[in-house]
Amino acid sequence: QAWHVPFQNIQLDVKAEVTQAWHVPDARECLSATATAQFHPFDPDAFAASRFKRDNSATLLLLRCSILSSPLTFKADGETWGCFSWLDNIQTEEEDVDVDKRLATARYVVEDDEYEQRSKELKDVLSKLDGIVEIL
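Enquirer: I would appreciate a short explanation of a negative patch on the surface in the present structure.
Expert: A cluster of acidic residues, Glu111, Asp113, Glu114 and Glu116, forms a negative patch at the surface. With respect to the helices and strands, the residue Glu114 is situated in helix H4 (residues 112-127).

Right under this line is the structure:
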């Protein structure tokens, strides 16, 4: 079933790469612990209340974000709207655009040293929680 698409185009100006992942048995506890270190930009209690109803487990992803040199614009499609795994098969609204090349020239939002430091801080926080399993 196709999703209702609230607009005609999607503009992509940032990409993210998953660099590590963990299975988290108690997502609420993990959100509270990581919030104190400012690892996410939202209220962890409100986020947890809206997302975790039954099973309190989750997968925590560490992302390395990059900004594209210029945005890519794609036609919004109701067949793919709910899932963005379609990014491997995208067609831009622009002609003669090499999507892979544009994605490859993106620059990191955070420099390597800062990224490594923040990654270490996150791992230190996670090491104090029970049952965390690194899966990537």
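Having seen the model, we can carry on.
Enquirer: Honestly, the pattern of salt bridges in this entry has me stumped. Any pointers?
Expert: Side chains that carry opposite charge are capable of pairing whenever their charged atoms lie near each other. Scanning the model with the defined rule gives three salt bridges in all. The residue Glu121 makes a salt bridge to Arg118 at a minimum N-O spacing of 2.6 Å. One end of the pair is Glu121 and the other is Arg118, both in helix H4 and three residues apart, which spans about a single turn. We note a salt bridge from Lys120 to Asp124, for which the minimum N-O separation is 3.0 Å.

Enquirer: Could you clarify how one ought to interpret H4 in this entry?
Expert: Owing to its 3.6 residues per turn, the α-helix aligns residues three or four sequence positions apart on the same side. The first and last C-alpha atoms of H4 sit 22 Å apart over 16 residues, in line with the 22 Å expected at 1.5 Å per residue. Within the span of H4, buried status applies to Tyr115, Ser119, Leu122, Val125 and Leu126. When H4 is viewed along its axis, its buried side chains cluster within an angular range of 120° and face the same direction. Looking at H4, the residues exposed on the side facing more than 90 degrees away from the buried face are Asp113, Glu116 and Ser127.

Enquirer: Please clarify how the pairing of strand E2 (residues 58-75) should be interpreted in this entry.
Expert: Looking down a regular strand, the side chains alternate between one sheet face and the other. As paired elements, strand E1 (residues 9-24) and E2 share 14 bridges and run antiparallel to each other. Note on E2: the bridge partner recorded for Ile10 is Phe74. Sheet topology places E2 next to strand E3 (residues 107-108); two bridges connect them, and they run antiparallel. Across the sheet, the residue bridging to Ser66 is Tyr108, located in E3.

About the cut-offs
Residues numbered from 1 in each chain as written. Predicted model: local features only at pLDDT ≥ 70, side-chain atom pairs only at ≥ 80, totals over all residues. Heavy atoms only, no water. Patch = residues over 30% accessible without salt bridge, like charges linked within 9 Å, V, L, I, M, F, W, Y side chains within 5 Å. Areas by Shrake-Rupley, 256 points an atom, 1.4 Å probe, with all protein chains shown as cover. Salt bridge = Lys/Arg side-chain N within 4 Å of Asp/Glu carboxyl O. Lys, Arg positive; Asp, Glu negative; His and termini not counted. Charge placed at Lys NZ, Arg CZ, Asp CG, Glu CD. Helix = DSSP H or I, 4+ residues; strand = E, 2+ residues; numbered from the N terminus. Expected span 1.5 Å × (residues − 1). Buried < 20%, exposed > 50% of the residue type's maximum accessible area, 1.4 Å probe, protein only. Arc of directions from axis to C-beta. Pairing = 2+ DSSP bridges.

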